[in-house]
Amino acid sequence: MIVSLVRLLAAIVIAFFAGKLISKIKLPSILGWLIAGMILGPHAVSLVNQQILDAGWYQTVVHILECAVGLMIGTELVWNKIKRSGKAIVVTTLTQSLGTFLFVSLVFGIVFYVQGIPLYLAFLFGGIALATAPAPALSIVREFKTNGPVTNTLIPMAALDDIVGCIVFFTTIAIVAGNLSAGELPAYMIALVVILPLVIGVVTGLLAGVTLKKERSSSATLIILILNILFTSGVGFVFNNQVMPKPVLNFMLIGMAFSATFSNMVTEKRLEEIMHVFNPFLGIAMIIVILNLGAPLDYHLIMGAGLFTVIYIIARALGKYFGAYFGASITKSPKTVKKLLGIERCVEIIESAYAKFAKESKNNKIAL
């Protein structure tokens, strides 16, 4: 374990400097972290090898840090900030998410029909295409300190995307699995995957709000917040391992709900103080979470998927773009939101699509 820790620490340091190097050419640091993860992962240099990625302690640490990274989104979900554009955000999220699912499923349905591949796989591709990792987009917002209607729409959408993505993906999996086998997946699992992380986050967030309301020193504030994150993660682990049929809970979603809850309980000034002392820890958490996202990339799977990879990226980008554009149009959002929000989603897709496609294809054992 000591050797694994040294390897991981070395990878973190390398990723940190890779981010600094990338930022010198006016690109977001997160791109450097992601590239470092790909290069240092088990399918390339193997500094972060498969033994580390499969280790129980590593998975535990990553889940805790995912919960911590959730604060980057949840602390922006203050009701007073988003209530004016709440309807537009919900509608735009639904149109770009469901539009992507339908478009990607349609495109792959046509491709698979022509090639004689079972059509149900098209819906699996559509389900996979919905979810976007919120950390990359929010990291860029945080690094460049952007502000305006596009940013104010993007942040709540990042949280809602995960919720819609979970509902559609697990519903699709349940229907497909039920039709392919004699048994059926537990119906309650679909609801639990979405609702349980939110319930855990809200309940623990209420406790955190009570303890964080009072003005305290920076060190005391940091300690209390970290203890609350550890407690929240601990509750998540209990439910993930004891209640769910298999560990599938989204810890970043738990962190979002947790932080959104206490953020609406404290004053704006107090929230700024809390995040100011937590920012250094959040930066380290981001590096490790993005390393973990890039490390499992198997470029052999990408090369093997070939044309399917290209079709997937293009179809998903078009679905996200036109879905966001349509939603922003019907809700009469500002022109900048209508024009730029879809482009932002496409950029996010292009940055992460190869890693996401390869990892999820492997995990779900999709036969191409």
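About the cut-offs
- Residues numbered from 1 in each chain as written.
- Predicted model: local features only at pLDDT ≥ 70, side-chain atom pairs only at ≥ 80, totals over all residues.
- Heavy atoms only, no water.
- Helix = DSSP H or I, 4+ residues; strand = E, 2+ residues; numbered from the N terminus.
- Buried < 20%, exposed > 50% of the residue type's maximum accessible area, 1.4 Å probe, protein only.
- Contact = heavy atoms within 4.5 Å.
- Areas by Shrake-Rupley, 256 points an atom, 1.4 Å probe, with all protein chains shown as cover.
- pLDDT = per-residue confidence, 0-100.
- Salt bridge = Lys/Arg side-chain N within 4 Å of Asp/Glu carboxyl O.
- Phe/Tyr/Trp six-rings, centres within 6.5 Å; stacked < 30°, edge-to-face > 60°.
- Expected span 1.5 Å × (residues − 1).
- Patch = residues over 30% accessible without salt bridge, like charges linked within 9 Å, V, L, I, M, F, W, Y side chains within 5 Å.
- Core = buried A, V, L, I, M, F, W, Y, C linked by side-chain atoms within 4.5 Å.
- Polar contact = N/O pair within 3.5 Å; in protein donor to acceptor, adjacent residues only side chain to side chain.
- Axes fitted to C-alpha atoms, helices over the stretch in contact; angles between N-to-C directions.
- Parallel < 35°, antiparallel > 145°, perpendicular 65-115°, else oblique.
- Left-handed = near helix turned anticlockwise from the far one by under 90°.
- Nonpolar A, V, L, I, M, F, W, Y, C, P; charged D, E, K, R; others polar.

Asker: Could you give an account of the overall build of the protein chain, naming the residues involved and the relevant values?
Answerer: Within the protein chain, the secondary structure is distributed over 17 helices and zero strands. A total of 368 residues make up the protein chain; the buried ones form 52% of that total. Here the analysis covers contacts within the protein chain between residues at least 6 apart in sequence; of these, 80% occur between residues at least 24 apart. Accessible surface, the protein chain: about 17300 Å² in total, of which carbon and sulfur atoms supply 70%.

Asker: Report on the confidence of the model for the protein chain, specifying residues and quantitative values.
Answerer: Scored by pLDDT, the protein chain comes out at a mean of 80, with 77% of its residues at no less than 70. Mean pLDDT across the secondary structure elements of the protein chain bottoms out at helix 17 (residues 335-363), with 52, and peaks at helix 12 (residues 218-242), with 95. Contacts of residues 345-368 to residues separated by more than four positions or lying in other chains number 53 contacts, the stretch itself having pLDDT below 50.

Asker: Break down the environment of Met 157 for me, with residues and values.
Answerer: The topology assignment puts Met 157 in helix 10 (residues 149-180). Each C-alpha atom of the pair Met 157 and Gln 96 lies 9.9 Å from the other, and the pair is 61 residues apart in sequence.

Asker: How would you explain the pattern of salt bridges if you had to name every residue and give the values?
Answerer: Applying the stated criterion to the full structure yields one salt bridge. In this structure, Glu 273 engages Arg 270 in a salt bridge whose closest nitrogen and oxygen atoms are separated by 3.3 Å. Of this pair, Glu 273 and Arg 270 are both found in helix 14 (residues 268-294), three residues apart, which corresponds to roughly one turn of the helix. When its relative accessible area of 1% is taken as the criterion, Arg 270 is described as buried.

Asker: Describe the packing of aromatic side chains, naming the residues involved and giving the relevant values.
Answerer: Going through the model one piece at a time under the given rule, you end up with eleven aromatic pairs. Ring plane angle 90° and centroid distance 6.1 Å describe the contact between Trp 57 and Tyr 58, whose orientation is recorded as edge-to-face. The structure contains a cluster of three or more aromatic residues connected by ring pairs, namely Phe 108, Phe 112, Phe 125 and Tyr 312.

Asker: Which residues make up helix 1 (residues 2-24), and what values go with them?
Answerer: Relative to the 33 Å expected for 23 residues at 1.5 Å per residue, helix 1 spans 34 Å between its end C-alpha atoms, a close match to the ideal helical length. Among all positions in helix 1, only Ser 4, Leu 8, Ala 11, Ile 12, Ala 15, Ala 18, Gly 19 and Ile 22 are buried. Where helix 1 is buried, its residues meet helix 2 (29-40), helix 3 (50-54), helix 4 (56-69) and helix 14. Of the residues trailing helix 1, Lys 26 is marked for its positive phi of about 65°.

Asker: Talk me through a nonpolar patch on the surface; I want residue IDs and the actual numbers.
Answerer: Taken together, the side chains of Phe 103, Leu 307, Val 310, Ile 314, Leu 318 and Phe 322 make up a nonpolar region of the molecular surface, amounting to roughly 540 Å² of accessible area. Tallying contributions element by element places helix 16 (residues 307-330) first for the nonpolar patch, with five residues. Structurally, Leu 307 can be placed in helix 16. Judged by relative accessible area, Leu 307 falls into the exposed class, the value being 56%.

Asker: Run through the environment of Met 1, naming residues and quoting values.
Answerer: For Met 1, the position within the fold is in the segment before helix 1. Looking at Met 1, the relative accessible area reads 62%, which means it is exposed. Between the C-alpha atoms of Met 1 and Ile 52, which are 51 residues apart in sequence, the distance is 8.7 Å.

Asker: Which residues make up the nonpolar core, and what are the values?
Answerer: Where a protein is soluble and globular, its nonpolar side chains tend to be buried together. Core analysis: the largest hydrophobic core is formed by 83 residues, its most contacted members being Phe 108, Phe 112, Leu 225, Ile 229 and Phe 262. It is helix 14 that contributes the most residues to this core, twelve residues altogether. In this structure, Ile 229 is in contact with Ile 64, Cys 67, Ala 68, Leu 71, Phe 258 and Phe 278, ignoring residues within four places of it in sequence.

Asker: Residue-level account of the side chain of Thr 204, with values.
Answerer: Along the chain, Thr 204 turns up in helix 11 (residues 187-212). For Thr 204, a relative accessible area of 3% corresponds to the buried category. A distance of 3.3 Å separates a polar side-chain atom of Thr 204 from the backbone oxygen of Gly 201. Excluding residues that lie within four positions of it along the chain, Thr 204 makes contacts with Phe 231, Thr 232, Val 235 and Phe 258.

Asker: Describe the packing of helix 4 against helix 14, listing the residues and the values that go with them.
Answerer: Between helix 4 and helix 14, whose axes approach to 9 Å, the crossing angle comes to 125°. Taken together, helix 4 and helix 14 sit at an angle that is classed as oblique. Where helix 4 crosses over helix 14, the handedness of that crossing is left-handed. From helix 4, Tyr 58, Val 62, Leu 65, Glu 66, Ala 68 and Val 69 reach across to helix 14, where they touch Phe 278, Phe 281, Leu 282, Ala 285, Met 286, Ile 288, Val 289 and Asn 292.

Asker: Lay out the packing of helix 1 against helix 14 in plain terms, naming residues and giving numbers.
Answerer: At their nearest, the axes of helix 1 and helix 14 sit 10 Å apart, and the two run at 100° to each other. Judged on the interaxial angle alone, helix 14 and helix 1 are roughly perpendicular. Across the interface between the two elements, Ala 11, Ile 12, Ala 15 and Phe 16 from helix 1 touch Ile 287, Ile 288 and Leu 291 from helix 14. For the contact of helix 1 with helix 14, the class distribution of residues is seven nonpolar, no polar and no charged.

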